[in-house]
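Below are the chains, spelled out letter by letter.
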Amino acid sequence: MDKKTVALVEQYAKSFVEVAIEKDQLAALQEETDAVLSVFQQTRLAKVLSSIAVSRDEKVKLVRLFQESSSVYMNNFLEVILQNEREAFLEVILKEVKAQMAIASNQHDAVVTTAVALTPNQKERILALISKKFGITVGKLIENIDEAILGGFIINVNNTVIDTSIQHQLQELKMNLK
């Protein structure tokens, strides 16, 4: 994206987050944003909304489908997007909304990668570790299983990584032996 588009996306997101904070609807609108983004992830909606082969009327109909089950604040936001013909940027704007809401609420999603599934006790301990190390509240704990790390875990929160995996330790050992 060029600078002009990035500025546009940030402005839409900032305005929506400001309304969410002002109306004390941050948590509810975070859930709605996640729900809409999940539709984008499960479908090819982003490509359809940015396609020149799809008519504007069809794009408007697709976006209006979200309005049928959304709050008044999300409806107003989507209406502004439609009025300004920004539906091609809707997914990117909502991703930025999610990022700005995470900052505003100090609540970030945490991705934990392990070689085996975590037990409920391990999840609690990792959540406590994340809260202590990062000084944040964890929104969602997203668990990935990757047997290639052999053991330990990799935590990724807000673009910060803690890597205690055996694979990483072996790589460090290999580098030190050179």
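Residues numbered from 1 in each chain as written. Predicted model: local features only at pLDDT ≥ 70, side-chain atom pairs only at ≥ 80, totals over all residues. Heavy atoms only, no water.

This next bit is on the domain arrangement of the chain. Each assigned domain of the chain is listed with its residue range as follows: domain 1 (3-104) and domain 2 (107-177). Placing the centre of domain 1 and that of domain 2 at their C-alpha centroids yields a distance of 31 Å. Around 310 Å² of area is buried between domain 1 and domain 2 when both sides are counted, 36% of it from carbon and sulfur atoms. On the domain 1 side of the contact with domain 2, Q30, K98 and A102 bury the most area, a combined 76% of that side's loss. Remark: the boundary between domain 1 and domain 2 carries one salt bridge. Taking the shortest distance from any N to any O, the salt bridge between K98 and D109 comes out at 3.4 Å. For the pair domain 1 and domain 2, the number of links is one residue pair in polar contact (both at pLDDT 80 or more). The set of elements that each furnish at least two residues to the side of domain 1 that touches domain 2 consists of α2 (26-42) and α6 (90-105). (Domains from an automatic or database assignment. Buried area = accessible area lost by both parts, 1.4 Å probe. Salt bridge = Lys/Arg side-chain N within 4 Å of Asp/Glu carboxyl O. Polar contact = N/O pair within 3.5 Å; in protein donor to acceptor, adjacent residues only side chain to side chain. Helix = DSSP H or I, 4+ residues; strand = E, 2+ residues; numbered from the N terminus.)

Tallying each qualifying case throughout the model produces two aromatic pairs. Here the aromatic rings of F40 and F66 are separated by 6.3 Å at their centres, their planes lie at 20°, and the arrangement is stacked. Of this pair, F40 sits in helix α2 while F66 sits in helix α4 (residues 56-67); the two residues are 26 residues apart in sequence, bridging distant segments of the chain. F66 matches F40 in its accessibility class, with the two residues each being buried. (Phe/Tyr/Trp six-rings, centres within 6.5 Å; stacked < 30°, edge-to-face > 60°. Buried < 20%, exposed > 50% of the residue type's maximum accessible area, 1.4 Å probe, protein only.)

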